[in-house]
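This is what each chain is made of:
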Amino acid sequence: MSFQDDGGPIFARIADELANQIADGTVGEGERVASTNELAAFYRVNPATAARSLTVLSDEGLVEKRRGVGMFVAKGARERLVQARRRRFADRYVRPLAVEAARLGIGPEELLGLVREELASVDVTVGGEA
C-alpha cells in the first residue's frame, strides 16, 4: 500500500487510501475491509485515528458495519466513488483546460488532438503511471 504524506490529517489519508483500494478494485464490493485494530497496527496510529477513517468511509456510504463481523465494502460503493471522482476530475482539470484553450484560440478539434497525443504517450496502470 502506498501512503502519501500530503500534510492532511492522518485519518483522512487512511480513508483516502482505503477509498483508492475500493476505486481500483483491490477491495471489492462485499469484501471485508481492515478492522480498526488492523489499520492502527499497519499505519502505526492510535486506534481512535483508525476508527475515524472508517467512520469517514461509512458516512460516505462506501463501507457498512456488520455487527459482530466487521466493516465491508457497501454495494455500489465503487461505482459511486468513481462517478464522484469523475465529476471532481472534470471540475479540477477539464473545465480549466477548456477555459485556457478558449483563451488561446484552440478550437475543439485541435484540443482533442492535443489530448489524444498526450494520452497516446502515457502508459497508465491501475494504481499510478508507469
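Sequence order sets the numbering: in each chain, residues are counted from 1 along the sequence as written. Per-residue local features of the predicted model are confined to residues with pLDDT of at least 70, and side-chain atom pairs are confined, for both listing and counting, to 80 or more; whole-chain, interface and lining totals are unaffected and use all residues. Values reported for side chains reflect all heavy atoms of the structure, with hydrogen atoms and water molecules removed beforehand.

Quick look at the confidence of the model for the chain
Then, number 1: Summary of the metric used: pLDDT quantifies the predictor's per-residue confidence within the range 0 to 100. The share of residues in the chain with pLDDT of 70 or more is 90%, and the mean pLDDT across the chain is 91.
Then, number 2: Note on residues 126-130: pLDDT under 50 across the span, and six contacts to partners over four residues away in sequence or across chains. Between two residues, a contact is recorded if the distance between any of their heavy atoms is within 4.5 Å.

Observations regarding the environment of Pro47
Then, number 1: Summarising the element assignment, Pro47 is placed in helix H3 (residues 47-59).
Then, number 2: Taking the C-alpha atoms as reference points, Pro47 and Arg78, 31 residues apart in sequence, are found 26 Å from one another.
Then, number 3: With residues near it in sequence (within four places) discarded, Pro47 still touches Thr36, Asn37 and Ala40. Elements are defined by DSSP. Helices are runs of H or I of four residues or more, strands are runs of E of two residues or more, and each kind is numbered from the N terminus.

So, helix H1 (residues 10-23)
Then, number 1: With 14 residues, H1 extends 20 Å from end C-alpha to end C-alpha; this agrees with the ideal 20 Å at 1.5 Å per step.
Then, number 2: Each residue's exposure class comes from its accessible area (1.4 Å probe, protein chains only) as a fraction of the maximum for that residue type: buried when under 20%, exposed when over 50%, partly exposed otherwise. For H1, the full list of buried residues reads Phe11, Arg13, Ile14, Ala15, Glu17, Leu18, Ala19, Gln21, Ile22 and Ala23.
Then, number 3: Where H1 is buried, its residues touch helix H2 (36-43), H3, strand S1 (63-66), strand S2 (70-73) and helix H4 (77-104).
Then, number 4: One or two residues past the end of H1 sits Gly25, with phi positive at roughly 85 degrees. Any helix carries an expected span of 1.5 Å times its number of residues minus one.

Regarding the pattern of salt bridges
Then, number 1: A side-chain nitrogen of Lys or Arg and a carboxyl oxygen of Asp or Glu constitute a salt bridge if their distance falls within 4 Å. This model, assessed by the stated rule, comprises four salt bridges.
Then, number 2: Between Arg95 and Asp91 there is a salt bridge, with the nearest N and O atoms lying 2.6 Å from each other. Remark: Asp91 and Arg95 occur in helix H4; sequence separation between them is four residues, near one turn of the helix.
Then, number 3: Take Asp91: its relative accessible area is 45%, and that puts it in the partly exposed class.

Considering the pairing of S1
Then, number 1: For two strands to pair, DSSP has to find at least two bridges joining them. For S1 and S2, the ladder comprises four bridges, and the chain directions are antiparallel. Looking at the pairing, Glu64 lines up with Phe72 of S2.
Then, number 2: Between the antiparallel neighbours S1 and S2 lie three residues, among them Gly68 with a positive phi of about 85 degrees.

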